[in-house]
Amino acid sequence: MAEAEPARIPAFCTQCRSRCGCDALVADGELVGIEPRPEHPSGAKLCPKGRAAPELVHHPDRLTRPLRRTAPKGAADPGWRPISWDEALDEIAGRLGAIRDAHGAEQVAFSVTTPSGTHMSDGIAWVERFIRGFGSPNTIYSTEICNWHKDVASRFTYGWDIGTPDFAESDLMLLWGWNPAATWLARSVEIQKALKRGAKLIVVDPRPTLYARHAECWLRVRPGTDQALALGLAHLMLEGGGFDAAFARHWTNGPFLVRDDTGRFLRQSDLEAGGSEAILLAAPADDAGERLLRYDAAAGRWLDPAEDAALFARQSVRTAQGAVACASALQRFADAAAEWPPARAAETTGVPEEAMRQAAALLAESRRTAYYAWNGIGQSVTAAQTDRALSILYGLTGCYGRAGGNVPGGAAAFNDISGQELLSDAQRAKALGLAERPLGPGRSGWVTARDVYRAVLQGDPYPVRMLVSFGGNLLSAQPDGAQALAAFQALDFHVHVDFFENASAAHADILLPAATSWEREGLRAGFDNSLEGLRRVQLRPAVVPPVGEARSDVDIVMQLSEKLGMDALMFGGDSDAGHDHMLAPAGLTVAALRARPEGVELPGVVRREPYRDAGFPTPTRRLEIYSEALREADQPPLPRLDPGALEPEAPDAAFPLRLGCAKSLIYCHSQHRNIAALRRRAPDPMLEMAPETAAACDLSDGDWALVETRAGRFAARVKLAPDCAPDSVFAQHGWTVPLEGIAGAPAFAANMNAAVPTDRTDPISGSIPMRAGWCALRRLTPGGG
């Protein structure tokens, strides 16, 4: 008898940001394969991680029961003892409640793994809702070195996030510090489609990535100098008139006059007592002399014709206190950009003047430019202002919101169930690090690991007594490993939820087995590989039952909520009720989606140019070239660059090479190195460099090298990459497993984050120089010496 064909179940993969549509192949209750689903908007291809899903789900090392530590903290063997779920949840809830009642919910910190690169993407809203409902403002989310700049810092300029690039209608694409061929396959497919129909491509990357090699213009920037490059390109566009002047005049705050003395916008109330708060603008001088125009920021409307506004202006204005020198916001930005003329920008960034002029010309010519930027600019001590410089550069094209540009929003409205409203202002104000970075991720309750370690070890500004981690591996994801280990041992109680016992989980008091996304339902309200993909809403079924006693993150927080008396905040412990609330504005229900496991298409489309209704959602209702919000927080209102801020540390003879890092297609963060099919593809951590860089260090392809910085050291294997940025090397983070190529090497020998200094951070976001450090290399022998 012929063997029965496996059942095909429509699904989508959550292993990385791509969320590729697929068919899950199931036979005899086991996941046996994952295949692309071409009819799905993100289903054209699958990466090796997705195809390895069966090996992940049925891995012999999966956690299958709750475990309780019996050995003292710090012991080499935790002495895990299996316990029941009731015993585990009762103890965890009891500890949570006791600390909340005696000391305050802020003295419990949480750690949540990234939804951009793990199965957490299905449950993140529920886990955050539980944390905020519990009252803790302290979640280690690593957003300051991940998505925060493109998703939140961009709001200082646009009021919205970076938006979804409309590659389907673009005639020019700009990829800046982002390699979708390795990190977002579904978007990579969209880029390939655009290239085939003739769209042009600019790539900013120090490495010769797939798209760098195929770009019309490749800007091989030195690691950590992206802000100088963005300002240099902006200077060329402004100097040559290659920007959208009409958009700048009507839809940015570029024409608004800024006072020299206070750094605030000039307002009608400055001219006369009792005057309105209308912002004033210069107009070209006429026979009667210089004129001032008025704009009502509260209403987002012009009180005088916008077309009369002068974009570039310097003017002395007589106020109630006397004459005040002013300049337009765009003039001030142009002055900041002019500090980076081509010669200086080329010397700093390593990008030839001719290449910069070519890129500026392409940006000036295109009316449909889409861009994307991510970790390449988000992991440095100038990350927030680098994002500002890039956002303003893009704003000058006039393409934000336009067809073929970056479009914010979705195809329908959905209710947010992540519980932002559940965290009181009083609790929100207690977020660790918020006093130092009041505009940073702490506003949303996302804190840095090092701030939590300080609170645990020093009680500063108050003690943190308990840590609950939903996935993640702090010992790998973050630097400061010694502080992390000390903090883990100092905690009163530590809980970790995961698929496997990783390096950080080994220090927990209770270890809970998590179900993978293939073992539970998952709701996705839009697939943002494209604007068309945003119309797809899908409820992925559980394609196989959980292994052993594993439970989903959602089930775990629901059960903890009930024990803590919080179930009313969690829709009565009914995830269907919560999802129905989320879906209601779009006219959908969980029941309707269960009947259509392949997903449904929303009737609406993503609206272009949404600012035409009520302006941009910024304080001035315009795209903000000049930010009063930043100025009021004692941060630069313009991304003017002090050259001294470019370097996370001064280069010297001891550390002559720039150290960056890059993601791998095979692995995501510290995951997957225990998956045999993937480890065979990439058995060792790679250290990419140009052949001439290797030769200068007496290294050859395949050699083991020791990478040393002033903060630490790690081992990696040399991989020659012709055309890589000279005098720079690029490692891979996430290696906390024994190395196969160095006998006797400890598991953390290849952990690049052990060599990342954290004494200097981005003053707004708290980002650290994971892609912009300095190092030295020396050869290691196969035996490890």
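To be clear, the structure that these remarks concern was listed above.
Note that residues are indexed from 1 along each chain, following the sequence as it is written. Residues qualify for local features only when their pLDDT is at least 70, as the model is predicted, and side-chain atom pairs are given and counted only at 80 or more; totals for whole chains, interfaces and linings, by contrast, use all residues. Values shown for side chains rest on all heavy atoms present in the structure; no hydrogens or waters enter the calculation.

A few points about helix α22 (residues 575-583)
Each residue is assigned to one of three classes by its accessible area relative to the maximum for its type, calculated with a 1.4 Å probe on protein chains only: buried under 20%, partly exposed between the two thresholds, exposed over 50%. In this description a helix means any DSSP run of H or I spanning at least four residues, a strand means any run of E spanning at least two, and both kinds are numbered starting from the N terminus. Along α22, the residues that are buried comprise G578, H579, M582 and L583. In a view along the axis of α22, the buried residues occupy a sector of 135°, so they form one face of it. In this structure, the buried side of α22 is in contact with α4 (124-134), β24 (522-525), β25 (536-540) and α23 (590-594). By arc we mean the arc of the directions from the helix axis to the C-beta atoms, nothing more. The contact criterion used is simple: two residues touch if any of their non-hydrogen atoms lie within 4.5 Å.

Notes on the packing of aromatic side chains
Two aromatic rings, drawn from Phe, Tyr or Trp (for Trp, its six-membered ring), form a pair once their centres lie within 6.5 Å of each other, and the interplanar angle then sorts them: stacked below 30 degrees, edge-to-face above 60, tilted otherwise. Evaluated as defined, the whole model comprises 28 aromatic pairs. Arranged with centres 6.5 Å apart and planes meeting at 25°, the rings of F130 and F134 form a pair that is stacked. Of this pair, F130 and F134 are both found in helix α4, four residues apart, which corresponds to roughly one turn of the helix. Ring centres of W160 and Y400 lie 6.3 Å apart, and the angle between their planes is 20°; this geometry places the pair in the stacked category. You can see W160 sitting in the loop between α5 (148-151) and β8 (164-165) and its partner Y400 sitting in the loop between α16 (383-396) and β19 (406-407), a full 240 residues away along the chain. With relative accessibility at 0%, the residue Y400 sits in the buried group. Put simply, the rings of Y158, W160, F247, W251, Y400, Y611 and F616 touch in pairs and so form one group of aromatic residues. The ring of W374 carries K150 above its face, with NZ or CZ at 4.5 Å from the centroid. When the NZ atom of lysine or the CZ atom of arginine is within 6 Å of a ring's centre and also within 35 degrees of its normal, the charge is said to sit over that ring. When the ring centre of W184 is taken as reference, the NZ or CZ atom of R187 above it lies at 3.9 Å.

Concerning helix α14 (residues 353-365)
What a helix should span is 1.5 Å times the count of its residues minus one. The end-to-end C-alpha separation of α14 is 18 Å, in line with the 18 Å expected for 13 residues at 1.5 Å each. Of the residues making up α14, those classed as buried are A355, M356, A359, A360, L362 and L363. An end-on view of α14 places all buried positions within 160° of arc, on one side of the element. Seen from the buried face of α14, the exposed residues on the opposite side, beyond 90 degrees, are E354 and E365. Looking at the buried side of α14, the elements it contacts are β9 (172-176), β10 (200-204), β11 (217-219), α9 (226-239), α13 (342-349) and β18 (369-373).

Brief notes about the layout of surface pockets
For cavity detection a 1 Å grid was placed over the protein atoms alone, and a set of points counts as a cavity when a 1.4 Å probe fits there but cannot get out; an open set counts as a pocket when protein lies on both sides within 12 Å along at least five of seven lines, with lining residues being those that have an atom within 4 Å of a point. Grid points are joined across faces, edges and corners, and a volume is the space filled by probe spheres set on the points. Estimates place the volume of the second largest pocket at around 500 Å³. If you trace the second largest pocket, you find 22 residues lining it, with R207, K663, S664, L665 and K719 closest to the centre. For the lining of the second largest pocket, the secondary-structure elements that each account for two or more residues are α6 (180-183), α8 (210-213), β28 (686-689) and β30 (713-720). Basically, the charged four are Asp, Glu, Lys and Arg, the nonpolar ten are Ala, Val, Leu, Ile, Met, Phe, Trp, Tyr, Cys and Pro, and anything else, Gly included, counts as polar. Of the residues that constitute the lining of the second largest pocket, the class distribution is 12 nonpolar, four polar and six charged.

Digging into the state of the cysteines
Working definition: a disulfide is two cysteine sulfur atoms within 2.5 Å of each other. Evaluation of the coordinates by the stated rule reveals zero disulfides. With no disulfide of its own, C20 lies closest to C16 among cysteine sulfurs, the gap being 5.9 Å. Between C668, a cysteine without a disulfide, and C16, which holds the nearest cysteine sulfur, the sulfur-to-sulfur distance is 6.3 Å. Taking the relative accessible area as the measure of exposure, C668 reaches 10% and is therefore buried.

Things to note about the packing of helix α3 (residues 85-103) against helix α21 (residues 553-563)
Where α3 contacts α21, the two axes come as close as 10 Å, and the packing angle between them is 60°. Relative to α21, the element α3 lies oblique. Note on packing geometry: the crossing formed by α3 with α21 is right-handed. Of the residues in α21, those touching α3 at W85, L89, D90, I92 and A93 are I556, Q559, L560 and K563. To get an axis, a line is fitted to the C-alpha atoms, and for a helix only the part in contact is used. The angle between two axes follows their N-to-C directions and goes from 0 to 180 degrees. In these notes the angle categories are as follows: under 35 degrees is roughly parallel, over 145 is roughly antiparallel, 65 to 115 is roughly perpendicular, and the rest is oblique. Put simply, a crossing is left-handed when the front helix is turned counterclockwise from the back one by less than a right angle, and right-handed when it is turned clockwise.

Focus on the side chain of E624
Considering the arrangement of structural elements, one finds E624 in the loop between α24 (611-614) and α25 (628-632). When charges are tallied, Lys and Arg are placed among the positive residues and Asp and Glu among the negative ones, while His and the ends of the chain are skipped. Each salt bridge in this description consists of a side-chain nitrogen of Lys or Arg and a carboxyl oxygen of Asp or Glu lying within 4 Å of one another. Buried within the structure, E624 lacks any salt-bridge partner; R388 is the closest side chain of opposite charge, at an N-O distance of 6.3 Å. In this structure, E624 is in contact with F156, T157, N253, R388, I392, T618 and P619, ignoring residues within four places of it in sequence.

Quick word on the sheet that holds strand β32 (residues 773-780)
Strand pairing is assigned whenever DSSP detects at least two bridges linking the two strands. One closed barrel accounts for six strands, arranged β27-β31-β28-β30-β29-β32; its pairing is mixed. When strand polarity is set aside, the average angle formed by the axes of neighbouring strands in this sheet is 45°. Direction of pairing for strand β27 (residues 657-661) relative to β32: antiparallel, over a ladder of three bridges. What sits directly across from L659, in β32, is G773.

Some details on the sheet that holds β24
The three strands are arranged β24-β25-β26 in an open sheet whose pairing can be described as antiparallel. Where the open sheet ends on each side, the last strands, each with one partner, are β24 and β26 (600-601). In this structure, β25 lies alongside β26, joined through two bridges in antiparallel fashion. Bridging from a neighbouring strand, R536 pairs with E601 of β26.

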